[in-house]
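Tertiary structure, described
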Amino acid sequence: MKNFCLALAAVLALACSTKKEPMALGPYSEQYRPQIHFSPAKNWTNDPNGLVYHEGEYHLFFQYNPFGDTWGHMSWGHAVSKDLIHWEELPVAIQEYPDATTGDSTMIFSGTVVIDKNNSAGFGANALVALYTSHVHQNNRARVQHQSIAYSTDKGRTWTRYSKNPVLDIQRKDFRDPKVFWYEPGQKWVMVLVVPDLYKVQLYSSVNLKEWTLMSEFGNAGDRRRIWECPDLYQLPVENQQGKTKWVLSLSGSHPSGDDFVGMQYFTGDFDGHRFTTPDSAARYMDFGKDYYAGIVFNHLDKKIMFGWVNNWTYGNQIPTSPWRGAFSLPRELSLKEDAGSFELVQRPIDLATIRDDTRIDFKNVNGPVELRVDLNAANSGIKLVSASGDEVTIGVDTARRLLIDRTKAGRVDFQKQFASIETSKPLAQLPAHLHIFIDHSIIEVFANDGEVAMCEQFFFRSTQFAIKPFGKAELKIGWRLKSIWR
């Protein structure tokens, strides 16, 4: 939820000055509109929230401003899907609300949704229960953050706030982003959330979603150059080791390139129902691009599938998109690989075969989203995307075997001084590198060596058409046009 304190005064003042009238849906055909990544029809969005699979529908809730295209008035937007590819945007689920008595206003910050199968909270069997951070402010000044709940008995279409909110309050201004899941061995609900400025994750338990007991804390580890946000705790299979699993704690905070940007890190270890422990407290990063943040996994789904926000707080309010700002990554299925006792995250995009177009790609004239398979058989190899207006993005491998994306010449880069940049990953285990690349109208996602490394970046060419040109010892293996998810 997200570094709100860094830009709260200026951005909220701008947002509050806008006319408070929700905007109508658009045609999804604007310049830079992603065609295979979900984005709301209009207005600002950031973190994915409340990811849950329920009665054949995938629910994506998300941080949303119903009244403008910059951060403010944070509420929960809502979209549903049958296949994780095509999405239907629904009305705002839980909206910021005022308190006429105190003069406070409460924004709906990040959180989670669970299916209460056994009616532990008393709202009804199989009710959807949302647990979210109530961000209470007055005159644009944050006063306190605490955790509240709302529930739905109609498949998430309407929501009722619990009359005795908040359900967890430690009287702190920064205390947020609850992720809740059912822990079967202990027959209880577990909540992970953060005390951001103390770089601390707290774990609570409950039997009814209303009363919470602190179990343990995790901290003093990893990258602490920026505040911690958006924790998630989940169990992943270890590939090629039948039945073996490890627990992963993921967090949002600093970027591998430094604290000028935000990114995600993770830890692997064990969870005994009370405490998460890890033998390795070093920082490991989930994505080495500049535009992947606040990722969480779906609840009540056997596979662990994560969405991330495609943007960065350094320039998020300035990207040149209209009438929306912000989008979401392709869904990524997560697992682990073990190498000499170390566990590394593997991220693979879900299969988009159902939207592939059989039309042969002309690599000299690409217009629209594409999926590529590219082999880089040596260092200093890769592909260049070169637009009709002369803009360029380079995707390749350098002499240190690091995957790189260079967007310094990617058209519109002057809207913020730090947007033009070159990103590099950790070194790949080996060459040749096998790249799985998705190029949308303003988003690139690259997965190297079957999910060993992931990079997500935005770019803003001045023209829609571009050529794909290999260089060095790069080989374009195959490519598919991808059909728009909005058509």
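Model, not experiment: these values are computed from the prediction.

1. Considerations on the side chain of S39
Looking at the secondary structure, you find S39 in the loop between α1 (4-16) and β1 (43-54). A polar contact is formed between the side chain of S39 and the side chain of R33, at a distance of 2.8 Å. Beyond its immediate sequence surroundings of up to four residues, S39 is in contact with Y28, R33, P34, W324, G326, A327 and W486.

2. Side note on the packing of aromatic side chains
The description of an aromatic ring pair uses the distance of the two centres, along with the angle that the planes make with each other. Tallying each qualifying case throughout the model produces 41 aromatic pairs. Both rings, one in Y53 and one in Y58, keep their centres 4.6 Å apart while their planes meet at 45 degrees; by these two values the pair is tilted. When the ring of F438 is compared with that of F447, the centres are 6.3 Å apart and the planes differ by 80 degrees; the resulting orientation is edge-to-face. There is no split in this pair, since F438 and F447 are both buried.

3. As for unusual backbone geometry
Along the chain, S322 connects to P323 via a cis peptide bond; the corresponding omega equals 5 degrees. With respect to the element layout, P323 can be found in the loop between β21 (305-310) and β22 (324-325). A positive phi angle, near 45 degrees, is found at C230, a position not held by glycine. Note on placement: C230 falls in strand β15 (residues 229-237). Located in the positive-phi region is N240, a residue other than glycine, with phi close to 65 degrees. Summarising the element assignment, N240 is placed in the loop between β15 and β16 (245-255).

4. Some points on the sheet that holds strand β34 (residues 453-458)
Pairing is antiparallel in the open sheet, where six strands are placed in the order β26-β36-β27-β32-β33-β34. Both outer strands of the open sheet, β26 (356-357) and β34, are each paired with one neighbouring strand and no more. Strand direction decides the pairing type here: strand β32 (residues 433-439) and strand β33 (residues 443-448), joined by five bridges, are antiparallel. Residue H436 lies in a different strand from β33, and its bridge partner there is F447.

5. Remarks on the environment of P66
Structurally, P66 is set in the loop between β2 (57-64) and β3 (75-81). Taking C-alpha positions, P66 is 41 Å from F343, a pair spaced 277 residues apart along the chain.

6. Re the environment of A454
Summarising the element assignment, A454 is placed in strand β34. Counting along the chain gives 83 residues from A454 to E371, while the straight-line C-alpha distance between them is 15 Å. Residues in contact with A454, not counting those within four places in the same chain, are M286, D287, F288, G289, R332, Q347, V446 and F447.

Conventions used here
Residues numbered from 1 in each chain as written. Predicted model: local features only at pLDDT ≥ 70, side-chain atom pairs only at ≥ 80, totals over all residues. Heavy atoms only, no water. Helix = DSSP H or I, 4+ residues; strand = E, 2+ residues; numbered from the N terminus. Polar contact = N/O pair within 3.5 Å; in protein donor to acceptor, adjacent residues only side chain to side chain. Contact = heavy atoms within 4.5 Å. Phe/Tyr/Trp six-rings, centres within 6.5 Å; stacked < 30°, edge-to-face > 60°. Buried < 20%, exposed > 50% of the residue type's maximum accessible area, 1.4 Å probe, protein only. Pairing = 2+ DSSP bridges.

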